[in-house]
Each structure stands twice: as structure tokens, then as C-alpha cells.
Amino acid sequence: QVQLVESGGGLVQAGGSLRLSCAASGSIFRINAMGWYRQAPGKQRELVALITSGGTNYTNSVKGRFTISRDNAKNTVYLQMNSLKPDDTAVYYCNFNAKLTPFARVYDYWGQGTQVTVSS
């Protein structure tokens with residue numbers, strides 16, 4: 001069984017920075033993509049950043065401020081968040097699109113969520 005454990009959330013002032021980490025425990029045959037999503041109260045879940053072997057992608061509101069990266073050997077994904085704004089306040093979830101064995105189905109695996117709060 002694979003579990004994703006997130007860390008790095010917290011309370012910061014506007015303009016500050018945070019670095020989120022998400023590490024998978026357990027064996028994984030192949031990770032197709034790693035991503036970060038966020039959900040603010042009363043809002044839909046939003047894809048923030050995605051990383052694959054082909055590159056990275058970001059939602060427009062975080063371009064130039066957030067950077068997604070990964071350590072394939074450690075099955076870990078990071079989200080460096082700079083110049084944070086109050087609108088970035090949300091619960092952030094990591095996601096691995098992966099298969100655990102060569103012939104298993106591909107599933108989305110989710111972290112437990114970590115709260116990011118940006119004060120004005």
C-alpha cells in the first residue's frame with residue numbers, strides 16, 4: 001500500500017515563502033505524474049502545478065511565484081511557494097498518478113492535505 005505524507009504548510013505573511021514536500025512510502029512501479037492541488041473553503045479543487053517527464057505546468061495565478069520539482073529516487077515532490085498572497089490560502093494536496101506493479105491499473109494517490117494560510 002502506498003501512502004503520501006505531506007509537510008511544510010503553515011501560517012505566513014503576504015510576500016513570504018513556504019516549501020511543501022510530499023513523499024510516498026511503499027513501492028511504486030511507475031509514476032506518470034506528480035501534482036499539487038488546492039482547495040479553499042467554498043471553492044472547487046484546483047490544480048496548481050504538475051510535473052511529468054515532459055516538463056511542468058502551472059495554473060496562471062501562480063506562474064512566476066511557485067515552482068514544482070521532484071526527486072525521483074525518493075518518490076518525493078516539492079512545491080516552492082514564493083511571494084505568497086492571501087488568495088493562496090487553501091488546503092494543499094499532493095497527487096501521484098501511478099501504478100504500483102507493471103500490470104496494475106493506474107490510480108491517483110492523494111496526500112492528507114496541509115493547510116497554507118497567508119495573512120495580509
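Predicted, not measured: the structure shown is a model, and the values here were computed from it. Think of each chain on its own: its residues are numbered from 1, step by step along the sequence as written. Residue-level local features of this predicted model are given only where pLDDT is at least 70; pairs of side-chain atoms are given and counted only at 80 or more, and the full residue set underlies all totals for whole chains, interfaces and linings. Hydrogens are left out, water is left out, and the side-chain values use all remaining heavy atoms of the structure.

(A) Structural view of the environment of K74. Among the structural elements, K74 can be located in the loop between strand 7 (66-71) and strand 8 (76-81). With 51 residues separating them in the primary sequence, K74 and A23 have C-alpha atoms 7.2 Å apart. Helix and strand labels come from DSSP, where a helix needs a run of H or I of at least four residues and a strand needs a run of E of at least two; each type is numbered from the N terminus.

(B) Expanded view of the environment of F96. Here F96 shows up in strand 9 (residues 90-99). Spatially, the C-alpha atoms of F96 and G111 are 8.8 Å apart, while their sequence positions differ by 15 residues. Residues contacting F96, with those up to four places away along its chain left out, are L4, C22, A24, I28, I31, A33, M34, N75, V77, Y107, D108 and Y109. The contact rule is simple, with two residues in contact once any of their heavy atoms fall within 4.5 Å.

(C) Up close: the state of the cysteines. Cysteine sulfur atoms are paired as a disulfide whenever they fall within 2.5 Å. Taken as a whole and assessed by the stated rule, the structure comprises one disulfide. In this model C22 forms its disulfide with C94; the gap between the sulfur atoms is 1.9 Å. Taking the torsion about the S-S bond as the criterion, the C22 to C94 disulfide, at about 50°, is right-handed. On the criterion of sequence distance, the pair formed by C22 in strand 3 (residues 18-25) and C94 in strand 9 is long-range, its members being 72 residues apart. Here the two residues C22 and C94 agree in accessibility, since each one is buried. Working definition: with a 1.4 Å probe on protein chains only, accessible area under 20% of the residue-type maximum means buried, over 50% means exposed, and in between means partly exposed.

(D) Molecular detail of the sheet that holds strand 3. A pair of strands is labelled paired if DSSP reports no fewer than 2 bridges between them. One open sheet accounts for four strands, arranged 1-3-8-7; its pairing is antiparallel. This sheet does not close on itself; its edge strands, each paired only once, are strand 1 (3-7) and strand 7. Recorded for the sheet is a direction-independent mean angle of 15° between the axes of neighbouring strands. Here strand 1 runs beside strand 3; their pairing, made up of five bridges, is antiparallel. Note on strand 3: the bridge partner recorded for V5 is A23. Between N-to-C directions, angles span 0 to 180 degrees; the directions come from axes that are lines fitted to C-alpha atoms, helices contributing only their stretch in contact.

(E) Quick look at the nonpolar core. To qualify as a nonpolar core, a set must consist of buried Ala, Val, Leu, Ile, Met, Phe, Trp, Tyr and Cys residues joined through side-chain atoms within 4.5 Å. Of all hydrophobic cores here, the largest spans 30 residues; its most connected members are W36, V77, L79, M81, Y92 and F96. Those elements that place two or more of their residues in this core are strand 3, strand 4 (30-39), strand 5 (46-52), strand 7, strand 8, strand 9 and strand 11 (114-119).

(F) Expanded view of the pattern of salt bridges. Here a salt bridge means any side-chain nitrogen of Lys or Arg lying within 4 Å of a carboxyl oxygen belonging to Asp or Glu. Overall, the coordinates contain three salt bridges when judged by the stated rule. Of the charged contacts in the structure, one is a salt bridge between R38 and E46, with a shortest N-O distance of 2.9 Å. Close ionic contact of D88 with R38 constitutes a salt bridge, the shortest N to O distance being 3.0 Å. Note that D88 is positioned in the loop between strand 8 and strand 9 and R38 in strand 4, a separation of 50 residues in sequence. Using a relative accessible area of 2% as the deciding quantity, one classes D88 as buried. Looking at R38, the relative accessible area reads 7%, which means it is buried. Through salt bridges with shared partners, one network takes in R38, E46, R65 and D88.

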